[in-house]
Number of protein chains: 2
Amino acid sequence: MKKQLKGHLLLIGDELLSGRIADANGQVMAKLFREAGILLTGITTIPDQVDIMKKEFQDKWAENDVIITSGGIGPTRDDLTKEVLADAFGKKIIPRDDVAASVTDNYLRFGREWTPTLNQYHHFPEDFLVLRNGKGLAPGLAYLNQGKLICALPGVPRELAVMMEEEVLPLIAKNLAKSETKDYGLTCRTFGIPEERIFNQLVPDLWDRLLKVGSVASYPQIIGVDIVVSMHGTDQDRDRAYDEMKKIILSTPLAPHIWQWGNTPLPEFVLECARQKKITIALAESCTGGLTASRLTDVSGSSQTFLGSMVCYANEVKQKVLGVTSETLEKHGAVSEECAREMVLGLKKNLGADLNISFTGIAGPTGGSVEKPVGTVCFGVSYGDKIFTEKHLFPGDRVRLKQRFSEYGLLLMLKAMEIIYSH
Amino acid sequence: MKKQLKGHLLLIGDELLSGRIADANGQVMAKLFREAGILLTGITTIPDQVDIMKKEFQDKWAENDVIITSGGIGPTRDDLTKEVLADAFGKKIIPRDDVAASVTDNYLRFGREWTPTLNQYHHFPEDFLVLRNGKGLAPGLAYLNQGKLICALPGVPRELAVMMEEEVLPLIAKNLAKSETKDYGLTCRTFGIPEERIFNQLVPDLWDRLLKVGSVASYPQIIGVDIVVSMHGTDQDRDRAYDEMKKIILSTPLAPHIWQWGNTPLPEFVLECARQKKITIALAESCTGGLTASRLTDVSGSSQTFLGSMVCYANEVKQKVLGVTSETLEKHGAVSEECAREMVLGLKKNLGADLNISFTGIAGPTGGSVEKPVGTVCFGVSYGDKIFTEKHLFPGDRVRLKQRFSEYGLLLMLKAMEIIYSH
């Protein structure tokens, strides 16, 4: 069997090391590596410094089959990747007609004309291949030698993902000897029970039993815990292993805590379940401030199912838009199951969706009290004739709490649709 | 002058290399390093593998003054950091009463009782310091030797940031010789003109002139370009350099393209401007699907200014909630300046905010046409007696377009408040 290719990702840019921006490429690229069956051995973030860049290009070339760099191929003087790559592999930079043609084409797709004096895109290392940029202007670079490949892609998220898919992976498929087996992560997603209780109290022998299927890992999520068994093999091996994993877990008291076998993000999963039931959904968000709506509308095709969200941050807006009564606000406060109930009823009346949910809570850092500390949240859920409210208290700071509130609300939508059951 | 401390961040976890999760710690930690005056030399992501972890701990220890690791200190068997750290530095793991006391305290803060049999938190390397976990349960580890420090923090975002601030930085201040100078990034944020035109057409000598202030970098953003001059020195040096940078740029045709001197994120900047004017703001979001509301409500204290957002994804909801007429929808479609105008007028009437904005566009991948391709967006803005609409076309895929629409809408709110002017 051919050996698995080893890959490395080099993120280049002072802006990543100064904290100016967050890396948005690591995860996307890691997924693409995994799906292509290439073992990602590490991700290294380095500054825009010629000596460090050159050393890393050469070191990583020695240890890996595929190296992808991101960043530093733009038109300004802090874009050094092209020059350093040429130097690291002993190539001269020369003006090249084939690269000029590719760049002209990149500009045309944006309805713009390429002006060679504004950048030096067509000055390119000899013996390097030019990679078409399907989503941007700067051309990518590729160097193929001795069955190894190094590619320089843009730092702009999505530009590099698209180039990886459209240009790099086909290059690999054509030129590098690939194994027919892959790494798989088999996932079981649970909620309602902390990590240490699962493995040390509820099912103490679970970890050992799962080790027969593959290597085991446990990942606490925003809400709940993901259990992942990793294995290497063919698609058929994967299917067999997943069946075995399911058999093991479903025979334990962890079974009712499972909300998904697989890796579909929760917003997409909720939309899928609603689409299968041919129902529409709507939200009334106070403490989550539009986060849940935004997560749902990130999913392509959500407009079939998702009608809208009334983000009622101010109390007057809860009254005006959702018809929450001043009595309820005075007697129970905005963060109460009574208010959540009125919000969801007002929402249902207003927008007429089949499945409705309201969120009202305290994300902090201010606004908490002894009776209702920061992290308190109330939900109201209405589906058909069914209506229920729940009150919970979560830990975390403002942004984390918004995520927890949002995630839990989506789980309650699964509960309303009877995809999962509560405890 | 004392030399600047060198730091390295090691992110540990198979889940980062398989693409299961995105790193959420790099940027936060990079900022904390910079603010503390420590030069971050790199960020390295490695798998949960004992041999690789040990080698990296030792290599990075040789090259740096401060090493922070994130991940692998939880209660399950895939949490290996403690064992490998002890091994790498030749220390035994022993049960320790002082650690048990610290862990008991972590649990108490969550209203829980610590059960030593559920984890082994109090088994701890000899000679290591225990770090209090202000936001979680697992204790952090610190090893101080020969004027160097290595700390193992949790992988959970915010847990590690809080531990860095509350525990690690004070340790550094107390035990490591620190320089009194720092790295600074002086930022000028622009919009409305592409990177290559700024430096090669509009102000061809800008880069060279700015080089007299410090090293220069240019970063394309979701909308616009940030120009950053980096320098090293005292706070006074920083102030002088920033004045010099402003003098240079304000004397060029780039001046009217500037929207901020500084690094405040746009949502926070909009809220600040509105707060200064003592006005309230409200949104009607279609294509951005709640993203703008969520970004605004991420900012602590936003409830003073932000009333709410009507996320009207479905056309019926635009009619019901905002009073958009069927005539407009039939004649001009939902993505039209006419519809944007009706949306913002309906919003103003409904919620009564001072500054109102509507978003309606096509985020794709479906729903585009020849006349209105994916990326088309219309905005309606109302402030006092002023009302205006704008139509734009942006490139990108669904998630990127939502961001661009949202960012541009926030810039239009600055325009309405006359903080910036259009071109």
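Residues numbered from 1 in each chain as written. Chains lettered and ligands numbered in written order. Predicted model: local features only at pLDDT ≥ 70, side-chain atom pairs only at ≥ 80, totals over all residues. Heavy atoms only, no water.

Colleague: Quick rundown of the packing of helix α2 (residues 26-35) of chain A against helix α6 (residues 159-175) of chain A? Include the residues and the values.
Modeller: Residue and element names in this part refer to chain A. Axis separation between α2 and α6 bottoms out at 10 Å; the angle between their running directions is 10°. Taken together, the axis directions place α2 and α6 in an arrangement best described as roughly parallel. Contact residues: α2 offers V28, M29, L32 and F33, while α6 offers L160, A161, M164 and E165. Counted by class, the contact of α2 with α6 contains seven nonpolar, no polar and one charged residues. (Axes fitted to C-alpha atoms, helices over the stretch in contact; angles between N-to-C directions. Helix = DSSP H or I, 4+ residues; strand = E, 2+ residues; numbered from the N terminus. Parallel < 35°, antiparallel > 145°, perpendicular 65-115°, else oblique. Contact = heavy atoms within 4.5 Å. Nonpolar A, V, L, I, M, F, W, Y, C, P; charged D, E, K, R; others polar.)

Colleague: Give me the lowdown on the interface of chain A and chain B, citing residues and values where you can.
Modeller: The partner chain B presents 88 residues to the 87 residues of chain A that form the contact. Roughly 7,100 Å² is buried in total at the junction of chain A and chain B, and carbon and sulfur atoms are behind 51% of that figure. Considering only the surface of chain A that becomes buried against chain B, R20, L118 and E196 of chain A emerge as the three largest contributors, covering 11% of it. Counting every contact that joins chain A to chain B gives eight salt bridges. (Buried area = accessible area lost by both parts, 1.4 Å probe. Salt bridge = Lys/Arg side-chain N within 4 Å of Asp/Glu carboxyl O.)

Colleague: Describe the confidence of the model for chain A, and please don't skip the residues or the numbers.
Modeller: Looking at chain A, the pLDDT average stands at 94 and 99% of residues meet or exceed 70. Scored by ipTM, the complex comes to 0.86, with pTM at 0.87. (pLDDT = per-residue confidence, 0-100.)

Colleague: Explain the pattern of salt bridges to me, and be specific about the residues and the numbers.
Modeller: Residue and element names in this part refer to chain B. For the structure on display, the rule yields 36 salt bridges over all chains. Across the pair D105 and R109 runs a salt bridge, and its minimum N-O distance is 3.6 Å. Here D105 pairs with R109, and both are found in helix α5 (residues 97-109), just four residues apart, close to one helical turn. The class for R109 is partly exposed, based on a relative accessible area of 35%. Note that R132 and E166 form a salt bridge whose closest N and O atoms lie 3.7 Å from each other. (Buried < 20%, exposed > 50% of the residue type's maximum accessible area, 1.4 Å probe, protein only.)

Colleague: Which residues make up the sheet that holds strand β9 (residues 182-190) of chain A, and what values go with them?
Modeller: Strand pairing in a sheet relies on backbone hydrogen bonds. The paired strands run either parallel or antiparallel. Residues and elements named next belong to chain A. Pairing is antiparallel in the open sheet, where four strands are placed in the order β10-β11-β9-β12. Looking at which strands have only one partner, the edges of the open sheet turn out to be β10 (215-220) and β12 (258-261). Mean inter-strand twist for the sheet, computed between neighbouring axes without regard to direction, equals 25°. Here β9 pairs with β12 via three bridges, running antiparallel. Within β12, the position partnered with C188 by the bridge is W261. (Pairing = 2+ DSSP bridges.)

Colleague: How would you sum up the relation of the copies chain A and chain B? Please name residues and give values.
Modeller: You can overlay chain A on chain B at an RMSD of 0.1 Å; the transform is a turn of 180° with a shift of 0.0 Å along its axis. These values place the two chain copies in the arrangement generated by a two-fold rotation axis. Both copies contact each other with a shared surface, as 100% of the interface residues of chain A are interface residues in chain B too. (Least-squares fit on C-alpha atoms with pLDDT ≥ 70 in both.)

Colleague: Talk me through the packing of aromatic side chains; I want residue IDs and the actual numbers.
Modeller: All names here are of chain A. The full count for this structure, using the stated rule, is 24 aromatic pairs over all chains. Ring geometry for Y242 versus W261: centroids 6.2 Å apart, planes at 75°, classification edge-to-face. Of the two residues, Y242 sits in helix α9 (residues 235-250) while W261 sits in strand β12, which places them 19 residues apart along the sequence. Classification of Y242 by relative accessible area gives buried; the value is 15%. Taking relative accessible area as the criterion, W261 reaches 25% and is therefore assigned partly exposed. (Phe/Tyr/Trp six-rings, centres within 6.5 Å; stacked < 30°, edge-to-face > 60°.)

Colleague: Requested: an account of the sheet that holds strand β3 (residues 66-70) of chain A, with residues and values cited.
Modeller: Read across the open sheet, the twelve strands follow the order β6(A)-β7(A)-β8(A)-β3(A)-β1(A)-β2(A)-β2(B)-β1(B)-β3(B)-β8(B)-β7(B)-β6(B); overall the sheet is mixed. Looking at the sheet topology across the chains shown, the edges are occupied by β6 (129-131) of chain A together with β6 (129-131) of chain B. Going across the sheet, the axis of each strand differs from the next one's by a mean of 15°, ignoring polarity. Note that β6 of chain A and strand β7 (residues 140-145) of chain A share three bridges and pair antiparallel. Paired with L131 of chain A across the bridge in β7 of chain A is G140 of chain A.

Colleague: Outline the nonpolar core, listing residues and values.
Modeller: Judged by nonpolar contacts, the single largest core of 78 residues is most densely connected at I281 and L414 of chain A together with I281 and L414 of chain B. Discounting chain neighbours no more than four positions away, the residues touching L414 of chain B are W259, L266, F269, V270, C273, I419 and I420 of chain B. Membership of the second largest hydrophobic core comes to 34 residues, among which are A353 of chain A together with V321, L322 and L351 of chain B. (Core = buried A, V, L, I, M, F, W, Y, C linked by side-chain atoms within 4.5 Å.)

Colleague: Outline helix α9 (residues 235-250) of chain B, listing residues and values.
Modeller: Compared with the 22 Å implied by 1.5 Å per residue over 16 residues, the 22 Å span of α9 of chain B between its first and last C-alpha is a close match. Turning to α9 of chain B, the residues buried within the fold contact β9 (182-190), α8 (206-211), β11 (225-233) and β12 (258-261) of chain B. (Expected span 1.5 Å × (residues − 1).)

Colleague: Go over the packing of helix α10 (residues 266-276) of chain B against helix α15 (residues 398-416) of chain B, please, and point to the residues and values.
Modeller: Helices that pack against each other are described as a pair by the angle of their axes relative to one another and the distance between those axes. Residue and element names in this part refer to chain B. Where α10 contacts α15, the axes come no closer than 10 Å and their chain directions differ by 20°. Viewed along their axes, α10 and α15 adopt a mutual orientation that is roughly parallel. In terms of crossing hand, the pair formed by α10 and α15 is left-handed. Touching L266, P267, F269, V270 and C273 of α10 are E407, L410, L411, M413 and L414, all from α15. A class-by-class count of the residues in the contact of α10 with α15 yields nine nonpolar, no polar and one charged. (Left-handed = near helix turned anticlockwise from the far one by under 90°.)

Colleague: Outline the side chain of S358 of chain B, listing residues and values.
Modeller: Residues and elements named next belong to chain B. Considering the arrangement of structural elements, one finds S358 in strand β15 (residues 355-361). In terms of polar contacts, S358 uses its side chain to reach the backbone carbonyl oxygen of A340, at 2.7 Å. For S358, the contacting residues outside a window of four places in its chain are A284, A340, M343, V344, C378, F379 and G380. (Polar contact = N/O pair within 3.5 Å; in protein donor to acceptor, adjacent residues only side chain to side chain.)

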